[in-house]
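Notes for the structure review
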Amino acid sequence: MTAESSVHPSVFAWFAARYGEPTPAQKAAWPRIARGENVLLASPTGTGKTFAAFLGVLDELVRLHTRGPLRDTIYCVYVSPLRALSYDLEKNLRAPLREWFGEKSPIRVELRTGDTTAGQRARQYTKPPHILLTTPESLCVLLSQEKWLAPLASVRWLIVDEIHALAENKRGAHLALSLERLELHCGRLQRIGLSATIAPLEVVARFLTGTHGQCAVLDVASAKKIKLSVHTPLRKDPYPEAGYTGRRLIRELGGLIRKNRTTLVFCNVRSGAEATTYWLRENFPDLAGEIECHHASLERDVRREVEDRLKRGELRAVVCSTSLELGIDIGSVDLVVMMSTPKGVSKALQRAGRAGHNIHSISRGILMATNVSDLVESCATVLLARERQLDDVRLPDCPLDVLAQHLVSMGCTARWSRADALALVRRAYPFRDLDEALFNDVLDYLAGGGASLRQRYREVFGKIDLDADGFRTREGAVRREFLQNIGTIPSVGQVTVRTRSRLLGSVEESFIRQLQIGDVFMIAGHPVRLEKMTQMEAWVSRADGALPTVPRWNANKMPLSNRVAQEINDFRRELRSALAESRDGLAAWIAGRLDCGAANARIILQTHLAQHDISEIPTADFLLVEELDDEAQNALHYFFHSLIGRASNDALARVVTHRLGETRGGNAIATPHDYGFVLTVARRQRFLAAELPKLLRLENFDEALDGALRRSEMLKYHFRNAAQTGLMVYRNYFDRQKSVRKLQWSTEVIFNVLQEHEPDHVLLREARRDALRTFIDADGARAFLARQATQPVRLRRVAQVPPLSFAMYATKIKEALLVEDPYETMERLYHQWWSEIENGAASPQHPTSNTQHPTSNIQHPTSNGLRNARERGLRKSPSKKEN
Amino acid sequence: MDRSRLELEPGVWLEKWQTLAVADLHLGYAWAHRAEGQLLPVETREDSTERLLKLLDRYPAEELVLLGDVVHRAVDVPALHSELRWLALTIGERARLRLIGGNHDRELAATLATAGIALEIAESAMVGPHLLLHGDQADESVAAAHLRAQAAPGGRVILGHEHPAITLSDGVASHVKCPCFLAGPGILVLPAFSRWAAGSEIGRYPFLSPYPRLRPPDCAMAIAAGKLLPIRLAGQ
């Protein structure tokens, strides 16, 4: 069956007339979909995935319609992680329908999200649409209501868009359960998944179709040509003066923006997006009106406006965090610039894929490296991207809070036997290995407690009625409240920022708490002055011309992917052996190896030679630990060069610190980083080399990590999410209204009570599981220790901060400073340490003698601290000279 | 100040009048949330009564005053009824139990009646020159009057309601939030007795009660590692 013959002739003719030749994605997908197969289509954005999925569906509906009027029931459900995607799709589907049928199309498409009004919902129930566009949460809301079972029973096609953005987190696990329930209900469901570049596709296919389905995997990723390159504003000096790089970066970025019609700039964090927008506007005032900011903490209206302007071609540049990675329609973009590495090959390709006008044009992506480590990492990323060596995606494994939520949802529409419910849950890929005992524990929890408790107290007020055979969700308030609390997205301590007339976005409570009335910060790249604070809202006014502070958002920092880490390790090893032979021709070798150009190769060489001279170049064949004496602080810093990514180093550092605490006592502090971690101890706690292997032994790793996490903020954070998703507390209860009285209570207390009295509570278990897999990577740490067990550990004393330890050390110091512009801080520190190296090892300076003392601005940050830092650190443009 | 002492459990012992006072028990916290549909753990019995009995072991108290928020919410739940009965019975054998009503105790009187407990709920109590109340008084002028009245005979207004806590830090990465007493001329704020109370960090938000607003405490006594740590407070 060819692409053409798989679709009705008039539909195909319409398509050909409108869009021309079908894209490779469409050619690959149509015949398979027409045959009724489950399909996973992997292809970059802008390759026609929408019509690849939908044309067959529309075609079939048209055929049905010619045979007789369509019933008022749902035939196709489309799920995407973003409401914005569904909005776009609605428009894109209505267009052909209007062309075929005029205004009153017999095939109806409707949107169902959290934004759908009560009136619209009622209408959707009385006259269900044929194609329903929705989100994972809203789908579950429908599945939880008996009255929706009838219209859902007729669903034939289930399309999941941006499936790569769902598979790897709990939202995806939540959706996976919904898919199994829907299929059980419909009898047969054809599942179509649309994905961007991700690996391994087989796992994503399993995620889509569950443990019992077959799936055709169509990898059309190479359909779009993506060209990645690395730029850096560094020229001759690897670590120039503070502000130099920043200034240069903005200048170069501005230059790129001028040379292109529309540029999309990705920053890894929201504060970076804000700062970059602001500085671009300051330095290029003639373009200021055409440069906008876009990130998840900006109000949706603000974001929509930016998206619309972008689509209309009115903007020269949009600076965003990860918010524009997914396929929201933003028109055509000439160039994608990524500020500093995207921390993974898939991300680099996904972001670059946003550029290009049509399927045939080349998508250009530039990685802007801001320092030498960044430069090496960016080069490694580009090399891997060229070979399509993608990082592996990892799916959550039996998230119990999601399970709890779904069991309550299931119980709303039927009474379930334990056996049937367990069998259904196990069909979902993330729950394939669910332990029966654990399943029963979750049921006990939902019922209000174990059997003996339920016997003792009549009113355990559980969510379900449970007996030996099965369960059903209690009626009345329980169901009503449940419908209001479906979802997995945790609510965070945010404060809304608004002007008199408009909501602008939100900032973290911890940031706004440091400010006083009159202080200026930025949002959407504009300076705003704080006029008034209520519990939930910050009222501001525009303060153009004033000098703003960049807000902080506590977003997860993406860790370095294993692939890129490996590539960097390989480079270091090769450089080491080349160096052992001779110093001649090394720059040329580096230029060839990293494909980075002569100038970059020289500064990379300079840095690594300095590392070699002061210490040595670390590789993955041994563990380099550098000891730096910090007399000023009466401390010793140990730089562990485990290049395994921040998430794995976080786990490793916690274990090492925990073990230190147990054997030696005292306070050791460890700061994890992508490239290793820094361990700081009191000087009298200096180690001997012989002690290191004990800290790094693999046995009892799990116990040590468990001990380390037990009272950690991280575990409490995960518990808080689990408590919300798992229906222990209402999503917004402890944050809602934010009255001070409510602030006196917190999930932390529940956590403490459970830890003490019920350490095996299902939600604590979920918090632990989540903690070990999400921001920290216990598996990665364990794998490293296993490898390291047969390799040497080398302890070296150093007199200055070695170049390959700059980044780790700067992170340690930077994280203690809440207020200074982190970018400027890093530049200043790097320059200082590099100067100390260049000035020779003869008179070892105390590396921290000029450095900001880490304690000076923390814990009870007063607004004085804020003002001092502002006066000291921020000037109208990045500073010329420090001190 | 007469020979009273702050008790770590926490509470205050007013020696001259052989009276113990604690605040903010919030009995039935978990049950109150259960009644609202939140699955907080109820498996573990509250140990508030046991802790109070231990206090009565230590001090020859004739009277124990509960300064309000005795319950978190007076839900109609047998478990809460039995908890209250147990409290009334066991404490009642050792000392006179006086209840002062707090903002969470609105329906407590009815619940006590249902549970068959003969205890009155007062708005406040005088113990020597000290005025004991919960602190949820809305009217500032009334609060001001109370503060003035107690000052003359060297008394204090003793209240709860605030759940005061303070964060202690080593200046680098470790910090811990501790419940604390707040003391000043003529005023003493007790930390919450309930294990469920997370504690409200002082200085973060304005006081709920007009009493500490009008008479800002100048010292926080943090309960940390089995000791009381006095911390001077700068003006709010």
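Refer to the structure printed above.
Residues numbered from 1 in each chain as written. Chains lettered and ligands numbered in written order. Predicted model: local features only at pLDDT ≥ 70, side-chain atom pairs only at ≥ 80, totals over all residues. Heavy atoms only, no water.

Observations concerning the overall build of chain A
Applied cut-off: To qualify as a helix, a DSSP run of H or I must reach at least 4 residues; to qualify as a strand, a run of E must reach at least 2; elements of each kind are numbered from the N terminus. Restricting the calculation to C-alpha atoms gives the radius of gyration, and the globule rule supplies 2.2 Å times the number of residues raised to the power 0.38. Whether two residues are in contact is decided by their heavy atoms: any pair within 4.5 Å suffices. Only the protein chains shown count as cover for residues, with accessible areas throughout obtained via the Shrake-Rupley method and a probe of 1.4 Å.
On a plain count of helices and strands, chain A comes out with 35 helices and 26 strands. For 883 residues, the compact-globule estimate of 2.2 N^0.38 gives 29 Å, and chain A sits close to it at 28 Å. The principal-axis extent of the C-alpha atoms belonging to chain A is close to 90 × 70 × 60 Å. Of all intrachain contacts in chain A linking residues separated by at least 6 positions in sequence, the fraction that spans at least 24 positions is 74%. With an accessible surface of roughly 34,200 Å², chain A has 48% of that area assigned to carbon and sulfur atoms.

Details of the pairing of strand β18 (residues 503–508) of chain A
Both faces of the sheet carry side chains from a regular strand, because those side chains alternate between them. Residues and elements named next belong to chain A. What counts here: For the exposure calls, accessible area comes from a 1.4 Å probe over protein chains only, and a residue counts as buried if that area is under 20% of its type's maximum, exposed if over 50%, partly exposed in between. For two strands to pair, DSSP has to find at least two bridges joining them.
The buried fraction of β18 is high, at 5 of 6 residues. Direction of pairing for strand β17 (residues 494–498) relative to β18: antiparallel, over a ladder of 5 bridges. Counterpart to Thr496 in the pairing with β18 is Ser506. Connecting β17 to the antiparallel partner β18 that follows it, the hairpin turn spans 4 residues.

Regarding the packing of aromatic side chains
All names here are of chain A. Operational definition: Here the aromatic set is Phe, Tyr and Trp, taking the six-membered ring for Trp, and pairing holds for ring centres within 6.5 Å; pairs whose planes are under 30 degrees apart are stacked, those over 60 apart are edge-to-face, and all others are tilted. Placement of a charge over a ring requires the Lys NZ or Arg CZ to be within 6 Å of the ring centre, with the centre-to-atom vector within 35 degrees of the ring normal.
Applying the stated rule across the entire model yields 30 aromatic pairs over all chains. Their ring planes at 45 degrees and their centres at 5.3 Å tell us that Phe806 and Trp833 sit as a pair that is tilted. Within this pair, whereas Phe806 is found in helix α33 (residues 806–816), its partner Trp833 is found in helix α34 (residues 822–838), the two being separated by 27 residues in sequence. Relative accessible area serves as the criterion here: at 0%, Trp833 is assigned to the buried category. By the ring-pair criterion, three or more aromatic residues cluster together here, those being Phe12, Trp14, Phe15, Tyr19, Trp30, Phe51, Trp100 and Phe101. Its end group placed over the ring of Tyr87, Arg304 keeps NZ or CZ at 4.9 Å from the ring centre. Note that Lys532 overlies the ring of Trp539, its terminal NZ or CZ placed 4.7 Å from the centroid.

Some points on the layout of surface pockets
Residues and elements named next belong to chain A. Spelled out, the test is: Cavities and pockets were defined on a 1 Å grid built over protein atoms only: a cavity is a set of grid points that admits a 1.4 Å probe from which the probe cannot escape, a pocket is an open set flanked by protein on both sides within 12 Å along at least five of seven lines, and lining residues are those with an atom within 4 Å of any such point. Grid points are joined across faces, edges and corners, and a volume is the space filled by probe spheres set on the points. When residue character is reported, Ala, Val, Leu, Ile, Met, Phe, Trp, Tyr, Cys and Pro are called nonpolar, Asp, Glu, Lys and Arg charged, and the others, Gly included, polar.
The computed volume of the second largest pocket comes to approximately 1,000 Å³. Lining the second largest pocket are 41 residues, with Gly46, Thr47, Gly48, Lys49 and Thr50 positioned closest to its centre. Of all elements in the fold, only α1 (9–19), α2 (24–34), α3 (49–67) and α4 (83–101) reach the threshold of two or more residues within the lining of the second largest pocket. In terms of residue count, the dominant contributor to the lining of the second largest pocket is α4 (6 residues). The residue inventory of the lining of the second largest pocket, partitioned by class, reads 14 nonpolar, 16 polar and 11 charged.

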